[in-house]
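# Examining the three-dimensional arrangement
The residues making up each chain are set out below.
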Amino acid sequence: MLRTRSPIRPLSLADRDDALDLCSRDLPGSVFVAARILEGARTGSLMSVLGHRVDGELTSLCWASANVVPVATTPESQALIAERVRRWKGRCASLFGRRDEVEGLWSHLAPHWGPARAIRTRQPLLVADRLPSTLGVQIDQRVRPARVDEVDLVLPAAEHMFTAEIGYPPYRGSSRGYLASLATLAQRGHTYVVIEHGEVVFKTDIGSLALGCAQLQGVWLAPHLRGQGLAAPMLASVVEQVMLGPAPLVTLYVNDFNTAARATYRRLGFRDAGDFATVLL
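Summary of the structure given here. (Residues numbered from 1 in each chain as written. Predicted model: local features only at pLDDT ≥ 70, side-chain atom pairs only at ≥ 80, totals over all residues. Heavy atoms only, no water.)

## What about the side chain of Ser 237?
Threshold: Numbering goes from the N terminus for both helices and strands, where a helix is a DSSP run of H or I of at least four residues and a strand is a run of E of at least two. In the analysis that follows, any N or O atom pair within 3.5 Å is treated as a polar contact, provided that within protein one partner can donate a hydrogen and the other can accept it, and provided that, for residues neighboring in sequence, both atoms belong to side chains. Between two residues, a contact is recorded if the distance between any of their heavy atoms is within 4.5 Å.
Note that Ser 237 resides in helix H7 (residues 231-244). Engagement of the side chain of Ser 237 in a polar contact is seen with the backbone oxygen of Asp 140, the distance being 3.1 Å. Ser 237 has contacts with Ile 139, Asp 140 and Val 143, leaving out every residue within four places of it along the chain.

## Thoughts on the pattern of salt bridges
Here is the rule: Note on definitions: salt bridges are taken to be side-chain nitrogens of Lys or Arg within 4 Å of carboxyl oxygens of Asp or Glu.
Within the structure shown, the criterion is met by 20 salt bridges. In this structure, Asp 275 engages Arg 99 in a salt bridge whose closest nitrogen and oxygen atoms are separated by 3.6 Å. Taken together, the residues span a long stretch of sequence, with Asp 275 in strand S12 (residues 271-280) and Arg 99 in helix H4 (residues 99-113) at a distance of 176 residues. Salt bridges linked by common partners bring Arg 9, Asp 15, Asp 18 and Arg 53 together as one network.

## Let's talk about the packing of aromatic side chains
The criterion, for reference: Pairing of aromatic rings covers Phe, Tyr and the six-membered ring of Trp, with a centre-to-centre limit of 6.5 Å; geometry is then stacked below 30 degrees between planes, edge-to-face above 60, and tilted otherwise. Categorising residues by exposure relies on relative accessible area from a 1.4 Å probe, with only protein chains included: less than 20% of the type maximum marks a residue as buried, more than 50% marks it as exposed, and the intermediate range marks it as partly exposed. In our convention, an over-ring charge means Lys NZ or Arg CZ found within 6 Å of a ring centre and within 35 degrees of that ring's normal.
Tallied over the entire structure, the rule returns six aromatic pairs. Plain terms: the ring middles of Phe 162 and Tyr 168 are 5.9 Å apart, the flat faces sit at 75° to each other, and that makes the pair edge-to-face. Classification of Phe 162 as partly exposed rests on a relative accessible area of 22%. Put simply, the rings of Phe 32, Phe 96, Tyr 253 and Phe 276 pair up and form one aromatic cluster. The cationic tip of Arg 36 hangs over the ring face of Phe 32; the distance from NZ or CZ to the ring centre is 3.8 Å. The residue whose ring lies beneath Arg 91 is Trp 88, and the NZ or CZ to ring-centre distance is 4.5 Å.

## Quick notes on the packing of helix H1 (residues 16-24) against helix H2 (residues 27-43)
The line we're drawing: To obtain each axis, a line is fitted to C-alpha atoms, and for helices this fit is confined to the stretch in contact; angles are then taken between N-to-C directions over 0 to 180 degrees. Each angle receives one of four descriptions, namely roughly parallel if under 35 degrees, roughly antiparallel if over 145, roughly perpendicular if within 65 to 115, and oblique otherwise. Note on convention: the crossing is left-handed when the near helix lies turned anticlockwise from the far helix by less than a right angle, right-handed when the turn is clockwise. Any residue outside Ala, Val, Leu, Ile, Met, Phe, Trp, Tyr, Cys, Pro, Asp, Glu, Lys and Arg is labelled polar, Gly included; the first ten of those are nonpolar and the last four are charged.
Axis separation between H1 and H2 bottoms out at 8 Å; the angle between their running directions is 160°. By the angle class used here, H1 and H2 are roughly antiparallel. For H1 against H2, the interelement crossing comes out left-handed. Seen from H1, the contacting residues are Arg 16, Ala 19, Leu 20, Cys 23 and Ser 24; seen from H2, they are Leu 27, Ser 30, Val 33, Ala 34, Ile 37, Leu 38 and Ala 41. Residue composition of the contact of H1 with H2, by class: nine nonpolar, two polar and one charged.

## Observations regarding the packing of helix H3 (residues 75-85) against H4
Each pair of packed helices can be summarised by the angle the axes make with each other and by the distance between the axes. Close contact between H3 and H4 brings their axes to 9 Å; oriented N to C, the two are set at 35°. The two elements H3 and H4 cross, and the hand of that crossing is right-handed. Of the residues in H4, those touching H3 at Pro 75, Gln 78, Ala 79, Ile 81, Ala 82 and Val 85 are Asp 100, Glu 101, Gly 104, Leu 105, His 108, Leu 109 and Trp 113. A class-by-class count of the residues in the contact of H3 with H4 yields eight nonpolar, three polar and two charged.

## Observations concerning the pairing of strand S3 (residues 57-64)
Where we set the bar: In this analysis, strands are considered paired if DSSP registers two or more bridges between them.
With six of eight residues buried, S3 lies mostly within the body of the structure. The pairing of strand S2 (residues 49-54) with S3 spans six bridges and is antiparallel. The residue of S3 that forms the bridge with Gly 51 is Leu 61. Between S2 and S3, which pair antiparallel and follow one another directly, the connecting turn spans two residues, one of which, Asp 55, has a positive phi of 55°. In terms of strand pairing, S3 meets strand S4 (residues 67-71) through four bridges, oriented antiparallel. Of the residues in S4, the one forming a bridge with Ala 64 is Val 68. Here S3 folds back onto S4 in antiparallel fashion, the turn holding two residues.

## Quick word on the side chain of Gln 215
Note that Gln 215 resides in strand S10 (residues 213-221). What makes Gln 215 buried here is its relative accessible area of 6%.

Now the structure itself:
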């Protein structure tokens, strides 16, 4: 019996422009994958990006590495992508993206990868394109990019944020690899901090940056400072600096039950742009 060749295949450098064009149609939802495509193109490989073509046209994408992130997928391409990656159990830590796409892909993967550690079925995706200062929001002038020589100070804040959000520590044993990832963010100017008395009390990162869009991640305020109205001016400063620098469009996603954070984001001018979902493995 002859087997037809699957239309799902890893992308090559020749696919770069088509892939970025597909991502550009939904930048808030696809900036993570767009950023990895640009990084892969610089290093010479797009093998972690799977593409689905119909009659020669690239119609769907999926980043498939430690995270699985679908872009513009359909029920048909979701089934095909799942068939391709279902044997990778243990290699992937999470599945996230547009809610309907994640739910469709997970329906095929769950029999092979389940049960999940946690499923966050509704995470509002938010976007902002107006400077917070023009909305009357106070700007905390202390917020600045972290220096590479400050990653040891950033480490406790990053650990606390990750563990509280994901439910387990970001590393086991040596912190060397995790520190290297923090250093990379600092080298790119993608980590913003407030440091008081030698300790980081506020932190957030640009997790993805591509095509004029920046996605923030890891927004964290020291527990002893919470409930005092400090988060809004600190995050407003980050948004202001990003919009005046690398990206006029800023996006992030948040758990629907985090009402305090959602209220803060609304004050800063963020508006709804649909829903994400995350499956933690």
